[in-house]
Amino acid sequence: KLNALSKIAVKYAEIGQFDLAIHTLEKINAPSWKGSTLCKIACKFAEAGQYERAFELVEMIEHRERKEEGLDNLAKIYAEAGQYNRALQTAKLIKDVELKHSAITKVVEKYVEFGHYDRAFKIVKKSRRNDFKANFLWILAKGLTKNEISNQNPENLSQLLQCSLSIKNNGVNGSDIVSLAIKIVIIEQCIRIIKSDKATEVLSQAIAQIEILKSPTEKIYALTNLATRYLELGYKTNALTALYQILNTIDDRKLLSDKTLSSKADTLMVIASLLVEAGECEQALQIIEKIEISDQFSWSRQGSAMSKCMALFDVAKKYAELNQKDKTVEILSKILQVSDLDDSYKASYIDAVAKIYFSLEFPSRV
């Protein structure tokens, strides 16, 4: 019965029959059901431009979680409608920190979409949490690079740099810092557009934030993402800086004792693959040589062998793309020499190796 009454009330609101919607709502006694229905009806009022009445309905909700949900929904609808002050005032009433951030994020997105950068920057500067501030900066960075590619506004990009450099570690958890570091890379993209000599400061800031991480897993994850992003942007030198920082991390014996650290072989394989992507095949081979197949358990030896083969195969494909036949053949032979590889995997690699070799020998038939 409650479900049916709720659906009828919402349906009335959807077709603009608000009086009937409220009348039906009054027949619902359960606080949770009534709160959920009020929340939906209030949204319909807001979408119809009846902002104050929508807010009054949400204020009537007795169920705490439903009320929070209603305020969040209203704030986002207000923002979509360009009612930014009303949206921010509504968001301030939300007690749940994450939900409040979600509502304010929508306002920032709309500010950036319509070029109200000064207003967006004011929200950034008022934000006390690093992860929230980083998220706002991420939105600003994307908006600035998208909307001002041909007509840069140095003042906006300068503010972006200033805000990004102001982010310090205030004891937020590791995953927040990982997210922060990755987003700072996007900010650097904006700064490079105006050829700022402070661009490298942003990389230093990202690396410094990552250095705070105590977990090797989180540190390597963050650095790998930084390197990947830099390669996507074409910043090879910066990518290599991040990759070598990973090597320093996994070469630290104290860190390697951390049980949460994934296998060294897998990590080295990722580094090697990124180096290949950066065109640094010789350096990738040096990294692959570090992959040791000496663990006492058979499953571990098998995993290390597979990692080594996969990394070598990436190098071979890169050399083949560059039409360096001798180098390609040399690396392919290394793959076939890897020990401790299961026969079924070895067979699949032999097949793949044969295909690459055939493409080099008879390019016209491929």
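Coordinates for the structure precede this section.
Structure report, in brief. (Residues numbered from 1 in each chain as written. Predicted model: local features only at pLDDT ≥ 70, side-chain atom pairs only at ≥ 80, totals over all residues. Heavy atoms only, no water.)

**So, a positive patch on the surface**
Inference 1: On the surface, a cluster of positive charge is made up of Lys92, Arg119, Lys122 and Lys126.
Inference 2: Looking at the positive patch element by element, the count peaks at three residues for helix H8 (residues 117–126).
Inference 3: Mapped onto the fold, Lys126 is located in helix H8. (Patch = residues over 30% accessible without salt bridge, like charges linked within 9 Å, V, L, I, M, F, W, Y side chains within 5 Å. Areas by Shrake-Rupley, 256 points an atom, 1.4 Å probe, with all protein chains shown as cover. Salt bridge = Lys/Arg side-chain N within 4 Å of Asp/Glu carboxyl O. Lys, Arg positive; Asp, Glu negative; His and termini not counted. Charge placed at Lys NZ, Arg CZ, Asp CG, Glu CD. Helix = DSSP H or I, 4+ residues; strand = E, 2+ residues; numbered from the N terminus.)

**As for the environment of Lys34**
Inference 1: Structurally, Lys34 is set in helix H3 (residues 31–47).
Inference 2: For the pair Lys34 and Met60, spaced 26 residues apart in sequence, the C-alpha separation works out to 9.8 Å.
Inference 3: Not counting residues up to four positions away in its chain, the partners in contact with Lys34 are Leu25 and Ile28. (Contact = heavy atoms within 4.5 Å.)

**Comments concerning the pattern of salt bridges**
Inference 1: For the coordinates displayed, the defined rule picks out 14 salt bridges.
Inference 2: A salt bridge links Lys106 to Glu80, with the shortest nitrogen-to-oxygen separation between them at 3.1 Å. One end of the pair, Lys106, is in helix H7 (residues 97–113); the other, Glu80, is in helix H5 (residues 64–80), with 26 residues separating them in the sequence.
Inference 3: Between Lys110 and Glu113 there is a salt bridge; the shortest N-O distance is 2.8 Å. Of this pair, Lys110 and Glu113 both sit in helix H7, three residues apart, which is roughly one turn of that helix.
Inference 4: One salt-bridge network, in which partners are shared between bridges, spans Glu80, Lys106, Glu109, Lys110 and Glu113.

**Digging into unusual backbone geometry**
Inference 1: Positive phi is not limited to glycine here, since Asn323 has a value of about 60°.
Inference 2: Here Asn323 is to be found in the loop between helix H18 (298–321) and helix H19 (325–337).

**Structural notes on the packing of H5 against H7**
Inference 1: Between H5 and H7, whose axes approach to 9 Å, the crossing angle comes to 5°. One finds that H5 runs roughly parallel with respect to H7. Contacts between H5 and H7 pair Glu68, Glu69, Asp72, Ala75, Lys76, Ala79 and Glu80 from the former with Leu99, Ser102, Ala103, Lys106, Val107 and Lys110 from the latter.
Inference 2: The residue makeup of the contact of H5 with H7, split by class, is five nonpolar, one polar and seven charged. (Axes fitted to C-alpha atoms, helices over the stretch in contact; angles between N-to-C directions. Parallel < 35°, antiparallel > 145°, perpendicular 65-115°, else oblique. Nonpolar A, V, L, I, M, F, W, Y, C, P; charged D, E, K, R; others polar.)

**Digging into the layout of surface pockets**
Inference 1: As a volume, the largest pocket reaches approximately 530 Å³.
Inference 2: Per element, the largest residue contribution to the lining of the largest pocket is five residues, and it comes from H7.
Inference 3: Looking at the lining of the largest pocket residue by residue, the class counts come to seven nonpolar, four polar and eight charged. (1 Å grid on protein atoms, 1.4 Å probe; cavity = no way out; pocket = protein on both sides within 12 Å on 5 of 7 lines; lining within 4 Å. Points joined across faces, edges and corners; volume = space filled by probe spheres on them.)

**Observations regarding the packing of aromatic side chains**
The geometry of an aromatic ring pair comes down to the distance between the two centres and the angle between the two planes.
Inference 1: For the structure shown, the criterion picks out two aromatic pairs.
Inference 2: Geometrically, the ring pair formed by Tyr51 and Tyr78 is edge-to-face, given 5.5 Å between the ring centres and 85° between the ring planes. Highlighted residues: Tyr51 in helix H4 (residues 51–59) and Tyr78 in helix H5, separated in sequence by 27 residues. Comparing Tyr51 with Tyr78 shows no difference in burial state: the two are buried.
Inference 3: With a centroid separation of 4.9 Å and 55° between ring planes, the pair formed by Tyr84 and Tyr111 is classed as tilted. Of this pair, Tyr84 sits in helix H6 (residues 84–92) while Tyr111 sits in helix H7, and the two are 27 residues apart along the sequence.
Inference 4: Assessed through its relative accessible area of 11%, Tyr84 is described here as buried.
Inference 5: Relative accessible area serves as the criterion here: at 4%, Tyr111 is assigned to the buried category.
Inference 6: Over the face of the ring belonging to Tyr78 we find Arg86, whose NZ or CZ atom lies 5.7 Å from the ring centre. (Phe/Tyr/Trp six-rings, centres within 6.5 Å; stacked < 30°, edge-to-face > 60°. Buried < 20%, exposed > 50% of the residue type's maximum accessible area, 1.4 Å probe, protein only. Lys NZ or Arg CZ within 6 Å of the ring centre and 35° of its normal.)

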